[in-house]
2 protein chains.
Amino acid sequence: MVGSLLAATLAKKGFNVDLYERRPDLRRADIAAGRSINLALSDRGLKALSRIGSDEAMHSIAIPMHSRFLHDVEGNTSLMPYGKEGQYINSISRGDLNKHLMDVAEATGNVKLYFNMPCTDVDLDTATVSFKNKDNGEVVTKQYDRVFGTDGAFSVGRNKMMRTDRFNYSQYYISSGYKELSMPPVPDTKWAIDKNSLHIWPRGNFMLIALPNMDGSFTCTLFMPFEGEVGFDNLKTDEDVIKFFNIYFKDAVPHMSTLLDDWHNNATSSLITVKSDPWHYKDKVLLLGDAAHAIVPFYGQGMNAGFEDVDILSDYIDKYSDWGDMFKAYSTERAPDGHAIAELAIRNYREMSDLVADPHFVKKRALSGKINELFPDQWLPLYSMVTFSHIRYSEALSKGDWQNDVLEQLVAKGISADSSSDEIKTAVLPHLS
Amino acid sequence: MVGSLLAATLAKKGFNVDLYERRPDLRRADIAAGRSINLALSDRGLKALSRIGSDEAMHSIAIPMHSRFLHDVEGNTSLMPYGKEGQYINSISRGDLNKHLMDVAEATGNVKLYFNMPCTDVDLDTATVSFKNKDNGEVVTKQYDRVFGTDGAFSVGRNKMMRTDRFNYSQYYISSGYKELSMPPVPDTKWAIDKNSLHIWPRGNFMLIALPNMDGSFTCTLFMPFEGEVGFDNLKTDEDVIKFFNIYFKDAVPHMSTLLDDWHNNATSSLITVKSDPWHYKDKVLLLGDAAHAIVPFYGQGMNAGFEDVDILSDYIDKYSDWGDMFKAYSTERAPDGHAIAELAIRNYREMSDLVADPHFVKKRALSGKINELFPDQWLPLYSMVTFSHIRYSEALSKGDWQNDVLEQLVAKGISADSSSDEIKTAVLPHLS
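Asker: Please explain the overall build of chain A as it appears in this structure.
Answerer: Across its full length, chain A holds 12 helices and 18 strands. The globule rule puts the C-alpha radius of gyration for 433 residues at 22 Å, and the 23 Å found for chain A is close to it. Principal-axis analysis of the C-alpha atoms gives chain A an extent of 65 × 60 × 40 Å. Burial status across chain A gives 52% buried among its 433 residues. Across chain A, the fraction of contacts at a sequence separation of at least 24, relative to all contacts at a separation of at least 6, is 70%. Of the roughly 18,900 Å² of accessible surface on chain A, a fraction of 49% belongs to carbon and sulfur atoms. Counting 46 positive and 59 negative side-chain charges, chain A places the averaged centre of each group 3 Å from the other.

Structural data, given as structure tokens:
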């Protein structure tokens, strides 16, 4: 997706782009677009899409989600809005978005698409790339002016850069994995549960979530430790699975008619975080998206961060005349944001799976919302900074830490969202100076 | 070195070992043994060597260093002992130690050595390794029961493991690099400066150090940022180099008659930290030494940590009957120590280059020594835990952090090494309970 968006963006600036895709053409073959079926598209991604005129088109392939829809273990439910009135995130099909972006890139007339051609090697110094044609087994090698590696968390180009001197790199797997399940459409009425929410069944160190699809179904994802008392390794038989769901997600079970089939057909996958630095090699190679910074999905920012890479790079291209200077400046200035969203995404696992149900967290969250009402220009909640603003991720991370300190101090003093506005103002003002 | 020690250790248990070395046989060819000419051997390394009966042999190829010998910018000097009376670390030639270990391994009769055979590939599931014979270009592929990867910071086996699911890995370069220089022997008297010390010229964020060699020379190493006002990139001409040394290391310059030659002949190299986890692949492959945990040299523990890997693995081999269980237990229990010494080594750059000259640090260090005298069983200074004990590195790290907290609190209360023993005892006791 990031590759298609980048190709379209470069093409609209007049560059000729060859775009290579590992898989067949999604628009012609009936294949899955990747492991996670739908994604949360929000403001950062939309801004990048607006550059190629695609933001409006999203409305026809996305479903707005205004709130978290929380399901407790008893089956009680509650709503927790994502932002202010009118603010929402969008559940979008990975496949539909991919197809749209390929169409837009192709329609520019400057992009040539090649399918079924996984990258096998990159010669960094000459920007020469090899691809293996999966149809006939032939290896094709081509030299370019520049190579943009948007080939994901296991990027071939990044793997080559890793062996160059002073390249910093980390890959870290959290102890939880995930499995996709589904909630089929209900005849006639379609969506079995509220369509315009992201549903969460938070259960401490594990959780089930569900995002709506256009066809009336929901894609559910179970996030859970691999090992441990409640862990994938402990659900061995069909009976184990059924029992587990009936204990922890009993209000979801009636809607999950394909649970056991899904359980067997869908892999249990791991969750990787990749950090790298620098993202460029001289004036020849640049990494974007997951190839530069793969993150866990708990902030719904993986695709948005990759799209924002393209948005920001676009400005750098306009500003610089020398590609080497530009790649270096972009990498130096943007990498801290890649590291920051990786950190925020890992932290949000705890928040989603545990803290949304934790009274202390709920209290701080409500107070933060109240402070935001009283000081809208000086206090934007962390979730809003990340999701509904274009503040740098690194700035959002440090402001969020500062806000949390302030909230802890206020709560310790007995201030809450129920305190009078005057009382809250008096308590907050010294911190804002 | 870790490979030779491991081969000898396994051979003495009755195993047959094939030992492959990338370079020619050091004992027959006149080549350098690697980039750092001498190393600091201390208690952890000696314990591992004692298993193969090699600890005594070290005395004839090593020079004891009892103290840090500090040189300030004015040329004033002072001694800072490493431990208690009689405790010292050893400056040892990498080449001599390598040759000794190969001799010992070969003499067991169970080890076959192959030279000029870099590893090119490892098939993890079958423990099959490929080597390229540098003499004739032939690739040799052999299957083994088990493979031990002791092939250093850029390990081929680890690179294969990196692509397996849930393998955590990081490589991180500090912003400083290093260059080796030398202080030739003085005719007749040999060592130009005190032979039984490790010399340090601490200068804030850069430093020069010197370790004695058996031939009367010293190997000096300049550690300095690559970029910045004082940085390798800013020393462009011979005049720059001479001026720099005359300003910062003026008492060393008269002894460094080959300074400019060394400057040009020796590379400026980077300093990598590698962390990985797990260190094993099923019951087939195990990483030891730098292949598992490459660290920066500032604690003098790189070789010692690798030798201690072998020492600890030896106990696991005796204790377990199943290799898979054993590899898993060893990796799970030892990896935190690899991560801890990596962290300690990075921190010690600041301590060596800056804090040894910082009055606050000197005050805490003196007080720590005094507390150690008063409570020898409950308070061992961090440097001693790492260098002169066999306490787990991870435990040393956490105890060191706790000690630092206590020292900060005592210093804030006006307690120092000059306070009376009673006063110190009274202040420390509550912390020891």
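Now that the structure has been shown, the text picks up again.
Asker: Got a minute to help me understand the sheet that holds strand β3 (residues 62-65) of chain A in this structure?
Answerer: Strand pairs in the sheet, formed through backbone hydrogen bonds, run parallel or antiparallel to each other. Residue and element names in this part refer to chain A. Pairing in this open sheet of 3 strands is antiparallel, and the strands run β2-β6-β3 from one edge to the other. Each having just a single partner strand, β2 (38-41) and β3 make up the two edges of the open sheet. Here the average twist between neighbouring strands, direction ignored, is 30°. Taken together, the 4 bridges between β2 and strand β6 (residues 89-93) define a ladder with antiparallel strand orientation.

Asker: Teacher, can you tell me more about the side chain of Ser217 of chain A here?
Answerer: All names here are of chain A. By secondary structure assignment, the location of Ser217 is in the loop between β14 (207-212) and β15 (218-225). Note on Ser217: relative accessible area 10%, which makes it buried. There is a polar contact of 2.6 Å between the side chain of Ser217 and the side chain of Asp215. Leaving out residues up to four positions away in the same chain, Ser217 has contacts with Met183, Pro184, Pro185, Trp191, Leu211 and Pro212.

Asker: Help me out: how do you make sense of helix α5 (residues 238-248) of chain A in this one?
Answerer: All names here are of chain A. All buried positions along α5 are accounted for by Val241, Phe244 and Phe245. With its buried residues spanning 95° around the axis, α5 presents them on a single face. When the buried face of α5 is taken as reference, the exposed residues oriented beyond 90 degrees from it are Glu239 and Lys243. Those residues of α5 that are buried are in contact with β12 (168-183), β14, β15 and α6 (259-265).

Asker: Hey, could you run me through the environment of Tyr393 of chain A in this one?
Answerer: Residues and elements named next belong to chain A. Structurally, Tyr393 can be placed in helix α11 (residues 393-412). Linking Tyr393 and Gly338, residues 55 residues apart in sequence, is a C-alpha distance of 7.5 Å. With sequence-adjacent residues up to four places away left out, Tyr393 is seen in contact with Arg44, Gln301, Asn304, Ala305, Glu308, Arg334, Asp337, Ala340, Ile341, Leu344 and Val386.

Asker: Mind showing me how you'd approach the interface of chain A and chain B here?
Answerer: How large an interface is tends to be reported as the accessible area lost when its parts come together. Residue-level contacts link 17 residues of chain A with 17 residues of chain B. Summed over both sides, the interface of chain A with chain B buries roughly 1,500 Å², with 39% coming from carbon and sulfur. On the chain A side of the contact with chain B, Arg166, Gln171 and Tyr173 of chain A bury the most area, a combined 41% of that side's loss. Taken together, the connections running from chain A to chain B amount to 2 salt bridges. Arg166 of chain A is the partner of Glu227 of chain B in a salt bridge, and the nearest nitrogen-oxygen pair spans 3.4 Å. Of the residues assigned to the side of chain A that touches chain B, the class counts are 6 nonpolar, 7 polar and 4 charged. Note that β12 of chain A and strand β12 (residues 168-183) of chain B share 3 bridges and pair antiparallel. Residue Gln171 of chain A lies in a different strand from β12 of chain B, and its bridge partner there is Tyr169 of chain B.

Asker: Would you explain the sheet that holds strand β11 (residues 147-149) of chain A in this entry?
Answerer: Spatial ordering of the open sheet is given by β11-β18-β17 (chain A), a layout of 3 strands whose pairing is mixed. Whereas interior strands pair on both sides, the edge strands pair on one side only; in this sheet they are β11 and β17 (280-281) of chain A.

Asker: Can you walk me through the packing of aromatic side chains in this structure?
Answerer: Given two aromatic rings, their pairing is described by the distance between the two centres and the angle made by the two planes. All names here are of chain B. Using the criterion set out here, one finds 55 aromatic pairs over all chains in the structure. Aromatic pair Trp323 and Phe327: ring centres 5.8 Å apart, planes at 80°, arrangement edge-to-face. Of this pair, Trp323 and Phe327 are both found in helix α9 (residues 323-353), 4 residues apart, which corresponds to roughly one turn of the helix. By relative accessible area, Trp323 is classed as buried at 19%. Of the residues examined, Phe327 reaches a relative accessible area of 0% and is grouped as buried. When the centroid spacing of 5.5 Å and the interplanar angle of 55° are considered together, the rings of Trp379 and Trp402 count as tilted. On the criterion of sequence distance, the pair formed by Trp379 in the loop between α10 (359-374) and α11 (382-388) and Trp402 in helix α12 (residues 393-412) is long-range, its members being 23 residues apart. Assessed through its relative accessible area of 0%, Trp379 is described here as buried.

Asker: In this structure, what is going on with the relation of the copies chain A and chain B? I would like to understand it.
Answerer: Relating the two copies of this chain is a rotation about some axis coupled with a shift parallel to it. When chain A is fitted to chain B, the residual RMSD is 0.0 Å, and the transformation amounts to a turn of 180° plus an axial shift of 0.0 Å. Here the transformation between the copies is reduced to the relation of a two-fold axis. Taking the C-alpha atom as reference, chain A places Ser170 of chain A closest to the rotation axis, 2.0 Å from it. Interface overlap between copies is the fraction of interface residues in one copy that are interface residues in the other; for chain A against chain B it reaches 100%, indicating a shared surface.

Asker: Where do I start with the nonpolar core in this structure?
Answerer: What tends to happen in soluble globular proteins is that the nonpolar side chains get buried as a cluster. In terms of nonpolar packing, the biggest core is built from 131 residues, with Ile92 and Phe307 of chain A together with Ile92 and Phe307 of chain B touching the most fellow members. Not counting residues within four places of it along the chain, the set of residues in contact with Ile92 of chain A comprises Ile37, Asn38, Leu39, Leu41, Met58, Ile61, Ala62, Leu97 and Met303 of chain A.

Asker: Before we go on, may I ask you to explain the environment of Leu344 of chain A in this structure?
Answerer: Residues and elements named next belong to chain A. Mapped onto the elements, Leu344 comes out in helix α8 (residues 323-353). Along the primary structure Leu344 and Met102 are separated by 242 residues, whereas in three dimensions their C-alpha atoms are 30 Å apart. Beyond its immediate chain neighbours, meaning those up to four positions away, Leu344 contacts Tyr299, Leu382, Val386, Tyr393 and Leu397.

Basis of the calculations
For every chain, the first residue of the written sequence is number 1, and numbering continues from 1 onward in sequence order. Chain letters start at A and ligand numbers start at 1, both assigned in the order the entries are written. Under the rules for a predicted model, residues below a pLDDT of 70 receive no local features and side-chain atom pairs below 80 are neither given nor counted, while totals for whole chains, interfaces and linings still include all residues. Based on all heavy atoms of the structure, the side-chain values leave hydrogens and waters out of the count. Secondary structure elements follow DSSP: runs of H or I of four or more residues count as helices, runs of E of two or more count as strands, with numbering from the N terminus. For the radius of gyration, the atom set is restricted to C-alpha positions; the globular benchmark scales as 2.2 Å times the number of residues to the power 0.38. Exposed residues in this analysis have more than 50% of their type's maximum accessible area, buried residues have under 20%, and partly exposed residues fall in between, with area computed by a 1.4 Å probe over protein chains only. Residues are treated as being in contact if the distance between any of their heavy atoms lies within 4.5 Å. Methods summary: accessible areas were calculated by the Shrake-Rupley approach with a probe of 1.4 Å, and residue burial reflects only the protein chains presented. For this count, His and the chain ends are skipped, Lys and Arg are scored as positive, and Asp and Glu as negative. In this description, the location of a charge corresponds to atom NZ of lysine, CZ of arginine, CG of aspartate or CD of glutamate. In short, DSSP must find at least two bridges between two strands for them to pair. For every element, the axis is a line fit to its C-alpha atoms; helices are fit only across the contacting stretch, and the angle between N-to-C directions ranges from 0 to 180 degrees. The term polar contact refers here to a pair of N or O atoms within 3.5 Å; inside protein, the definition further demands a hydrogen-donor-capable atom paired with an acceptor-capable atom, and it admits residues adjacent in sequence only when both atoms are side-chain atoms. This arc is taken over the directions from the axis of the helix to the C-beta atoms. The term buried area means the drop in 1.4 Å probe accessible area that two parts suffer when joined, counted for both and summed. The term salt bridge refers to a pairing of a side-chain nitrogen on Lys or Arg with a carboxyl oxygen on Asp or Glu at a separation within 4 Å. When residues are sorted by character, Ala, Val, Leu, Ile, Met, Phe, Trp, Tyr, Cys and Pro go into the nonpolar class, Asp, Glu, Lys and Arg into the charged class, and all the rest, Gly among them, into the polar class. Under the pairing criterion, centres of Phe, Tyr and Trp rings, with the six-membered ring standing for Trp, must be within 6.5 Å; the plane angle then separates stacked pairs below 30 degrees from edge-to-face pairs above 60, leaving the rest tilted. To line up the copies, we fit them by least squares on C-alpha atoms, keeping just the residues with pLDDT of at least 70 in both. Definition used in this section: a nonpolar core is a set of buried Ala, Val, Leu, Ile, Met, Phe, Trp, Tyr and Cys residues joined via side-chain atoms within 4.5 Å.

Coordinates in, geometry out; function isn't part of it.
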